[in-house]
Amino acid sequence: MEAGEVTGMYPMLSVEEALGRVLSAISPLPEEKVPVLEALGRVTSRDVKATCDVPPHANSAMDGYAVRAQDTAGASPKRPVRLHVAGEVAAGYVPPVQVLPGTAVRIMTGAPLPPGADAVVRFEWTEPAGEDVLVKKAVPKGQDVRPAGEDVRAGELVIPAGTRLRPQELGMLATLGETEVWVHRRPRVGILATGDELVEPGKPLPPGKIRNANSYSNFAQVKRYGGIPVLLGVARDREEEVAARLRAGLQQGLDLLLVSGGVSVGDFDVVKRALAAAGKIDFWRVRMKPGKPLALGRLCLGGRQVPVLGMPGNPVSAVVSFELFARPAILALQGARALSPPVAFATFADRVAEKDDRRHFLRVRLSLEGGELVARLTGGQGSGILSSLVRADALAVIPEDWPCVEPGARVQVILLPP
Ligand code: AMP
Ligand code: MG
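Cut-offs applied
Residues numbered from 1 in each chain as written. Chains lettered and ligands numbered in written order. Predicted model: local features only at pLDDT ≥ 70, side-chain atom pairs only at ≥ 80, totals over all residues. Heavy atoms only, no water. Pairing = 2+ DSSP bridges. Helix = DSSP H or I, 4+ residues; strand = E, 2+ residues; numbered from the N terminus. Axes fitted to C-alpha atoms, helices over the stretch in contact; angles between N-to-C directions. Salt bridge = Lys/Arg side-chain N within 4 Å of Asp/Glu carboxyl O. Buried < 20%, exposed > 50% of the residue type's maximum accessible area, 1.4 Å probe, protein only. Contact = heavy atoms within 4.5 Å. Core = buried A, V, L, I, M, F, W, Y, C linked by side-chain atoms within 4.5 Å. Domains from an automatic or database assignment.

Caption draft 1: Examining the pairing of strand E26 (residues 410–415) more closely. In this sheet, E26 lies alongside strand E22 (residues 343–348) in antiparallel orientation, the contact comprising five bridges. Across the sheet, the residue bridging to Thr347 is Arg410, located in E26. Strand direction decides the pairing type here: strand E25 (residues 394–398) and E26, joined by four bridges, are antiparallel. Directly across from Val397, in E26, lies its bridge partner Gln412.

Take a look at the structure:
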């Protein structure tokens, strides 16, 4: 097939159109219950509502004395108020006495507020006087008291379905007394590299060959976004071999397939025919750099359709295409609601003299200079130059209609997670 024929059949899509098509090929996986300690990075499949107030009882925010606020009226260092200390309560215990008029209870941070008290006077505003305490400051009602339900009310929606669980959500689940949480199943993501030139690390490198990088970066990316990577090895540049490995992958119950290489104009046919033989191709080519020859296909197996992302073979294209398309696909398979990458705005420090009408994703390093976020290119921007991606912590997004980039330009940057 001629390149012209191919490009005619598959119009180049914008990044948004391509992402839309990828996501429309995805539906969330079934749910399962997992222990809270194993739920980091998992995505909730049900709303989590509080079954109790947090905190469950009013308690002290400070070490001091629980008092009736009205008893401290007019108190000052010169005219302290004297209150009788009727008892003491520490965190984890029930107050032994109530606070009657003219009395106080020594109280530690987190201890339940004794009945009768409505405020806490911090130690630093008091002075001990035998069995009494001298209060040197008037406090209003509620001073340093954390009311029951201040954090969360019973019945309140605390963690909505579709939330990717972070450490703070695990702490909240524990606070609510939960030991398990409903999450979507993790997607099994097959990773296939293609290319006669590829050799795995650890093996001798014969003349003319290079190392397989993409399977390793994509493996790590799948893991990072909550998927289970399934390595399918390297297929030679032959349609039958690509097809056989894709079929073998499908037998392993995959939810998504990532293929790298073999989708640029020269060798598009290898992956295309392999895909067409077992399913169909949805789109090919996206108006972006790096990563233009991205393809989306679907493979059919026993009535099931598995989406296949054909990503360009250049190591930077493979990583960038993953961040833009495979990442949201993997998160969507887990039912996540937030699919956009974290972004910021920065001042571009370099000059890019000339660019084409694609959206460019430039490898940059961010620094704070005089309170301003500055993005600097990390080196060569060729899609084979992985070292500049190693030095980068963000991708600067240069819009399609910019013919060049001048120093000082304000650009959006996609943050690459540390
Ligand atoms: P392709 O997309 O197959 O035309 O490959 C584009 C470039 O990426 C070629 O220089 C390939 O040698 C290289 N390449 C393809 N796959 C990989 C891989 N898995 N690891 C490293 N480089 C690759
Ligand atoms: Mg190739």
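Let's pick the thread back up.
Caption draft 2: Here's a closer look at the sheet that holds strand E18 (residues 279–284). Spatial strand order, E16-E13-E17-E21-E20-E18: six strands in an open sheet with mixed pairing. Whereas interior strands pair on both sides, the edge strands pair on one side only; in this sheet they are strand E16 (228–235) and E18. Recorded for the sheet is a direction-independent mean angle of 20 degrees between the axes of neighbouring strands.

Caption draft 3: Up close: the pattern of salt bridges. Considering all chains together, one arrives at 23 salt bridges under this definition. Asp53 is the partner of Arg153 in a salt bridge, and the nearest nitrogen-oxygen pair spans 3.9 Å. One end of the pair, Arg153, is in the loop between strand E10 (145–146) and strand E11 (157–159); the other, Asp53, is in the loop between strand E2 (48–49) and strand E3 (59–60), and 100 residues separate them in sequence. The partner of Arg185 in a salt bridge is Asp255, with the nearest N and O atoms 3.2 Å apart.

Caption draft 4: Quick peek at the side chain of Gln221. Position of Gln221 among the secondary structure elements: in helix H4 (residues 214–224). For Gln221, a relative accessible area of 7% translates into the label buried. Beyond its immediate chain neighbours, meaning those up to four positions away, Gln221 contacts Ala318, Val319, Phe322 and Glu323.

Caption draft 5: Broad picture of the nonpolar core. Ranked by internal contacts, the top residues of the largest apolar core, which has 40 residues, are Leu258, Leu309, Phe325 and Phe361. Elements represented by at least two residues in this core include exactly helix H2 (15–24), strand E13 (188–194), strand E17 (256–260), strand E21 (304–311), helix H7 (315–333) and E25. At twelve residues, H7 tops the list of elements feeding residues into this core. Lining this core are residues from two domains, each supplying at least three of them: domain 1 (3–14 + 186–333) and domain 4 (343–415). Core analysis: the second largest hydrophobic core is formed by 23 residues, Ala235, Leu246, Ala295 and Val308 among them.

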